[in-house]
Amino acid sequence: MSTVFWLQLLRVIHVYSAILLVGSIVFNTAILNPALKRIPPAHSTVVSQKIGGGLFVVGTTAILLLGLSGFARLWLMGQLPSLLTADFVTGPYGRWITLMITSWFFLFITGGLSGYWYKAVLTKKMPYSAGLRDMEEMRAAQERVTLWQDRFYYWNVVAAVLAALGGAMAKF
Ligand code: HEM
């Protein structure tokens, strides 16, 4: 298989992963969350748990495939060794790749944190022996996390749009 074949296959994987990631982030922030805030809390908790799990799988798969296909392309194009040099980062091509990598890394961190919070706080089951004080602490923790999640949703949209801009502008 030629290098051209692998570059084209990685490009197809990269573009579809970008569509999945940017699409699910915009859907989550602009459509799902505003809708969840307009339905009763008991319903929105169930709906967000059902949809949240699926979005987490799609987001994680897309972000891993974007990183793998992106770095593999840079490696195949012989650009990986110069990735962290000032000439590359400030150059007419490298500046857009750097924008993609920085946005991708930001989304990797916020995605990882959201996944951890989802498991450790938002969907954590209280033991039967839990008292009122435990319930209060749990509710306060869930409120804190939801506040940070709301902030992340808007930052994620900015990072996703910037990454897609970097991809559209990066022409070797
Ligand atoms: C959220 C993350 C990212 C998004 C939304 C994104 C999006 C895109 C898009 C739309 C393109 C243009 C289509 C194409 O030629 O494939 C592209 C190209 C590219 N991306 Fe990304 N990308 C992301 C992350 C990355 C990462 C982490 C790397 C790793 C180094 C990377 C490396 C590349 C490369 C090398 C190209 C080809 C540029 C060229 O034509 O020479 N991307 N990306």
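Described in the following lines is the structure provided in the data block. From a predicted model like this one, the values you see are computed outputs, not experimental measurements.

1. Some remarks on the packing of helix α4 (residues 94–122) against helix α5 (residues 132–169)
Alright, step 1. Viewed as axis vectors pointing N to C, α4 and α5 meet at an angle of 160 degrees, and their least axial separation amounts to 8 Å. In terms of axis orientation, α4 runs roughly antiparallel to α5. Once α4 is placed against α5, the crossing between them reads as left-handed.
Alright, step 2. Grouping the amino acids of the contact of α4 with α5 by side-chain chemistry returns 21 nonpolar, nine polar and no charged.

2. Description of the coordination of the iron atom of the ligand
Alright, step 1. The protein atoms that coordinate the iron atom of the ligand are H14 (NE2) and M100 (SD), at distances of 2.1 Å.
Alright, step 2. One can describe the site at the iron atom of the ligand as octahedral: its six donor atoms subtend angles covering 88 to 179 degrees at the metal. Here the residue H14 occupies a position in helix α1 (residues 3–36), and M100 occupies one in helix α4, the gap between them amounting to 86 residues.
Alright, step 3. Taking relative accessible area as the criterion, H14 reaches 14% and is therefore assigned buried.

3. Topic: α5
Quick reminder: α-helices carry 3.6 residues per turn. Residues three or four places apart thus point the same way.
Alright, step 1. In a regular helix each residue adds 1.5 Å, so 38 residues correspond to 56 Å; α5 covers 55 Å between its end C-alpha atoms and thus fits that length.
Alright, step 2. Those residues of α5 that fall on the buried side of the exposure criterion are M138, A141, V145, Q149, D150, F152, Y153, N156, A159, A160, A163 and G166.
Alright, step 3. In the core, the buried residues of α5 are packed alongside α1 and α4.

4. Re the site of the ligand
Alright, step 1. Near the ligand lie 23 residues; those nearest to it are R11, H14, R73, Y93 and M100.
Alright, step 2. With respect to the ligand, the side chain of R73 contributes an N or O atom lying 2.7 Å from an oxygen atom.
Alright, step 3. Contact between the ligand and A170: an oxygen atom at 3.3 Å from a main-chain N or O atom of the residue.
Alright, step 4. Of all the elements in the fold, those that place two or more residues in the shell around the ligand are α1, α2 (41–76), α4 and α5.
Alright, step 5. Tallied by class, the residues present in the shell around the ligand amount to 17 nonpolar, three polar and three charged.

5. Looking at the pattern of salt bridges
Alright, step 1. Taken as a whole, this structure holds four salt bridges when the rule is applied.
Alright, step 2. In this structure, E137 and R133 form a salt bridge, with 3.6 Å as the shortest nitrogen-oxygen distance. You can see E137 and its partner R133 sitting in helix α5, four residues apart, about one turn around the helix.
Alright, step 3. Since its relative accessible area comes to 46%, E137 is described here as partly exposed.
Alright, step 4. R139 is the salt-bridge partner of E143, the closest N and O atoms lying 2.7 Å from each other. Residue E143 and its partner R139 are located together in helix α5, separated by four residues, close to a single helical turn.
Alright, step 5. Looking at R139, the relative accessible area reads 41%, which means it is partly exposed.
Alright, step 6. Ionic contacts of the salt-bridge type, sharing partners, join the residues E136, R139 and E143 into one network.

6. Considerations on a nonpolar patch on the surface
Alright, step 1. Taken together, L64, F105, F108, I109, L113 and Y116 make up a surface patch of nonpolar side chains, about 580 Å² in accessible area.
Alright, step 2. With five residues, the top contributor of residues to the nonpolar patch is α4.
Alright, step 3. Mapped onto the secondary structure, L64 falls in helix α2.
Alright, step 4. Taking relative accessible area as the criterion, L64 reaches 43% and is therefore assigned partly exposed.

7. Things to note about the packing of aromatic side chains
Alright, step 1. According to the stated counting rule, one finds seven aromatic pairs in the structure shown.
Alright, step 2. Ring geometry for F88 versus Y93: centroids 6.4 Å apart, planes at 85 degrees, classification edge-to-face.
Alright, step 3. Three or more aromatic residues link up through ring pairs in this structure, and these residues are F71, W104 and F108.
Alright, step 4. Taking NZ or CZ as reference, R151 lies 4.4 Å from the ring centre of W148, over its face.

Thresholds, definitions, all that
Residues numbered from 1 in each chain as written. Predicted model: local features only at pLDDT ≥ 70, side-chain atom pairs only at ≥ 80, totals over all residues. Heavy atoms only, no water. Axes fitted to C-alpha atoms, helices over the stretch in contact; angles between N-to-C directions. Helix = DSSP H or I, 4+ residues; strand = E, 2+ residues; numbered from the N terminus. Parallel < 35°, antiparallel > 145°, perpendicular 65-115°, else oblique. Left-handed = near helix turned anticlockwise from the far one by under 90°. Nonpolar A, V, L, I, M, F, W, Y, C, P; charged D, E, K, R; others polar. Donors = N, O, S within 2.8 Å, 3.2 Å for Na, K, Ca; no water. Tetrahedral: all angles 85-135°; square planar, octahedral: opposite > 155°, others 65-115°. Buried < 20%, exposed > 50% of the residue type's maximum accessible area, 1.4 Å probe, protein only. Expected span 1.5 Å × (residues − 1). Contact = heavy atoms within 4.5 Å. Near = heavy atom within 4 Å. Polar contact = N/O pair within 3.5 Å; in protein donor to acceptor, adjacent residues only side chain to side chain. Salt bridge = Lys/Arg side-chain N within 4 Å of Asp/Glu carboxyl O. Patch = residues over 30% accessible without salt bridge, like charges linked within 9 Å, V, L, I, M, F, W, Y side chains within 5 Å. Areas by Shrake-Rupley, 256 points an atom, 1.4 Å probe, with all protein chains shown as cover. Phe/Tyr/Trp six-rings, centres within 6.5 Å; stacked < 30°, edge-to-face > 60°. Lys NZ or Arg CZ within 6 Å of the ring centre and 35° of its normal.

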